[in-house]
Amino acid sequence: MTDTTSQPKNIQTIDVNGRRYQWPQRPVVGVCFDGCDPTYIAAASAAGVIPTIDRMRKQGFSQLALAAMPTFTNPNNVSIVCGVPPKIHGVSGNFYLDRDTGQDVMMVDATPMRAPTIFSTFSKEGAKVAVVTAKDKLRKALGKDLLGIAFSAEKAGEATEAENGIANVEELVGRKAPDQYSADLSLYVLDAGIRLLETVRPDISYLSLSDYVQHSHAPDAPEALQFMADVDQRFSCILALGATLGIVADHGMSDMADGDGAPRIIYLADRLEAEFGRGACRVICPITDPFVRHHGALGGFVRVHILKNGVSRDEVLAFVRSIDGVALALDREEACLTFQLPEDREGDIAVVSIKNVALGASLADHDLSQLSGARLRSHGGLTEQVVPFIVSIPIATSPAHTLRNFDLFAVLLNEAV
Ligand SMILES: [Zn+2]
């Protein structure tokens, strides 16, 4: 095995979305550890089950970073692969309300993306790139225009050369595609990444996990500790194969239930209807997606659209701010400036809840039976914005600015050398 990469003679750096990246001198692997709140690392470290991550933190680089807002999976994964915030790439949730047509527009595949990914740009210059995701919807976004390998654990059995740049993934990994509601979905992503390193040896790999375990289990739960140990063991394999490994999370995770285990939810659409009348406002929960069984489409961030003439934004803003459990309500312009969001996909008002409280639309919109009696654990707001940022080797210059999770590949390619 050799550490040389497929660097063309005449290319040293590549510019993507206004940022400059150096060609990797040895394989780099970026992992989006979905839902890995820093508390999961703290609990697993205290339990002594993550020796590899502990070693990386001690011998490499370890800081806390800020995720992109809202702290949902899609906006953050797209930010990480583009190296820029949602304002530039346009993906600010799972769907948005088009103000001109009144239609809901999905943002879960590649169509809403307005920026190229770091990977597609490198692949067009000849780099070997592999992207493995937990869910297939995300694979379509992250694999946009990629000349390389991109497949999901969910649809591993259906990967083809034409669509995914690779076939026979189940044979490569050595087992069937896992249940999409399982801890194994993430482990499968990592195992696939390891097998690719052993065979294709990509110059750049991106492995994006699922937060199924974190939605279901608190950091000190045996299931969470087992999962952390299983992931850590895969990280040791990646390092043993000579890659530089960088780990960030797309968001943290908060418990949103009360002492009796009942979810603490503000049904904002119901509250707005009671105050301003039926049909005056529409509440968009951009966490909603087809993969919702473990959180009931509830999170810490929603958008309000005002639909009725005569209802002013200022009075809705004032009312929302008066609701107990609301941390922040911003008008569109301020929300976009504060959180680097695209204005055309933002509501009239962006609302963020306090820690341990979820925001919903109306009671009828959310199927709490999806929780199957478990405590509601979710994300989306500011309290889930702080995430780990860990690299296996020291970095050249500590960033002067606040580190963002979407700096992952800038750090891996430019600093971890
Ligand atoms: Zn996530």
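Heads up: these notes are all about the structure in this document.

The rules behind each value
- Residues numbered from 1 in each chain as written.
- Predicted model: local features only at pLDDT ≥ 70, side-chain atom pairs only at ≥ 80, totals over all residues.
- Heavy atoms only, no water.
- Helix = DSSP H or I, 4+ residues; strand = E, 2+ residues; numbered from the N terminus.
- Rg over C-alpha atoms; globule rule 2.2 N^0.38 Å.
- Buried < 20%, exposed > 50% of the residue type's maximum accessible area, 1.4 Å probe, protein only.
- Contact = heavy atoms within 4.5 Å.
- Areas by Shrake-Rupley, 256 points an atom, 1.4 Å probe, with all protein chains shown as cover.
- Lys, Arg positive; Asp, Glu negative; His and termini not counted.
- Charge placed at Lys NZ, Arg CZ, Asp CG, Glu CD.
- Axes fitted to C-alpha atoms, helices over the stretch in contact; angles between N-to-C directions.
- Parallel < 35°, antiparallel > 145°, perpendicular 65-115°, else oblique.
- Left-handed = near helix turned anticlockwise from the far one by under 90°.
- Nonpolar A, V, L, I, M, F, W, Y, C, P; charged D, E, K, R; others polar.
- Pairing = 2+ DSSP bridges.
- Donors = N, O, S within 2.8 Å, 3.2 Å for Na, K, Ca; no water.
- Tetrahedral: all angles 85-135°; square planar, octahedral: opposite > 155°, others 65-115°.
- Salt bridge = Lys/Arg side-chain N within 4 Å of Asp/Glu carboxyl O.
- Phe/Tyr/Trp six-rings, centres within 6.5 Å; stacked < 30°, edge-to-face > 60°.

**Thoughts on the overall build of the chain**
Stage number 1. Check the secondary structure of the chain and you find 15 helices and 19 strands.
Stage number 2. In summary, the chain has a C-alpha radius of gyration of 21 Å against a globular reference of 22 Å for 417 residues, a match within 12%.
Stage number 3. Reported as C-alpha extents along the three principal axes, the dimensions of the chain are approximately 70 × 45 × 45 Å.
Stage number 4. The burial tally for the chain puts 60% of its 417 residues in the buried class.
Stage number 5. Nonlocal contacts in the chain, meaning residues at least 24 apart in sequence, comprise 72% of its contacts between residues at least 6 apart.
Stage number 6. Element-wise, carbon and sulfur atoms account for 49% of the exposed surface of the chain, whose accessible area totals about 15,700 Å².
Stage number 7. Counting 38 positive and 51 negative side-chain charges, the chain places the centres of these two groups 4 Å from one another.

**Digging into the packing of helix α12 (residues 268-276) against helix α13 (residues 313-321)**
Stage number 1. Direction vectors running N to C along α12 and α13 enclose 125°, while the axes themselves pass 11 Å from each other. The angle between α12 and α13 falls in the class oblique. As for how α12 packs across α13, the hand of that crossing is right-handed. For the pair formed by α12 and α13, the contact residues are Leu-268, Arg-271, Leu-272, Glu-275 and Phe-276 on the first element and Glu-315, Val-316, Phe-319 and Val-320 on the second.
Stage number 2. Residues belonging to the contact of α12 with α13 are distributed by class as follows: 6 nonpolar, no polar and 3 charged.

**Regarding the sheet that holds strand β10 (residues 244-248)**
Stage number 1. Spatial strand order, β4-β19-β10-β3-β9-β7-β8: 7 strands in an open sheet with mixed pairing. Of all strands in the sheet, those with a lone pairing partner are β4 (61-66) and β8 (149-152), marking the two edges. Adjacent strand axes in the sheet meet at a mean angle of 15°, parallel and antiparallel pairs treated alike.
Stage number 2. Packed onto the sheet, helix α1 (residues 38-46) meets β4 and β19 (386-391) and runs at close to 60° relative to β19.

**Examining the coordination of the zinc ion**
Stage number 1. Around the zinc ion, the donor atoms from the protein are Asp-34 (OD), Thr-73 (OG1), Asp-250 (OD) and His-251 (NE2), and they sit 1.9 to 2.2 Å away.
Stage number 2. One can describe the donor arrangement at the zinc ion as irregular, given that its 4 donor atoms subtend angles of 87 to 143° at the metal.

**Some thoughts on the pattern of salt bridges**
Stage number 1. In total, this model carries 20 salt bridges according to the counting rule given.
Stage number 2. Across the salt bridge formed by Asp-104 and Arg-282, the nearest N and O atoms sit 3.0 Å from each other. One end of the pair, Asp-104, is in strand β6 (residues 104-106); the other, Arg-282, is in strand β13 (residues 281-284), and 178 residues separate them in sequence.
Stage number 3. Within this structure, Arg-175, Asp-184, Asp-191 and Arg-234 form a network of salt bridges that share partners.

**Side note on the packing of aromatic side chains**
Each aromatic ring pair is described using two quantities: the centre-to-centre distance and the angle formed by the ring planes.
Stage number 1. Per the counting criterion, the structure on display carries 9 aromatic pairs.
Stage number 2. An angle of 85° between the planes, with centres 6.0 Å apart, marks the rings of Phe-61 and Phe-389 as edge-to-face. With Phe-61 in strand β4 and Phe-389 in strand β19, this pair connects stretches of sequence that are 328 residues apart.
Stage number 3. Using a relative accessible area of 0% as the deciding quantity, one classes Phe-389 as buried.
Stage number 4. Between Phe-119 and Phe-409 the ring centres are 5.1 Å apart and the planes differ by 85°, which places this aromatic pair in the edge-to-face class. Taken together, the residues span a long stretch of sequence, with Phe-119 in helix α5 (residues 118-124) and Phe-409 in helix α15 (residues 408-415) at a distance of 290 residues. No difference in accessibility class separates Phe-119 from Phe-409, as the two residues are buried.
Stage number 5. Among the aromatic side chains, those forming a connected cluster through ring pairs are Phe-33, Phe-227 and Phe-235.

**A word on the sheet that holds strand β14 (residues 301-306)**
Stage number 1. Across the sheet, 4 strands lie side by side as β13-β14-β16-β15; this open sheet has antiparallel pairing. Of all strands in the sheet, those bounded by a partner on one side alone are β13 and β15 (326-331). The average angle at which neighbouring strand axes cross in this sheet is 20°, direction not considered.
Stage number 2. Pairing geometry for β15 and strand β16 (residues 349-353), over 5 bridges, is antiparallel. Residue pairing in the sheet places Val-326 in a bridge with Ser-353 of β16.
Stage number 3. This element, α12, spans β13, β14 and β16 of the sheet and lies at about 170° to β13.
Stage number 4. Packed onto the sheet, helix α14 (residues 332-339) meets β15 and β16 and runs at close to 110° relative to β15.

By themselves, these observations are geometric and do not establish any function.
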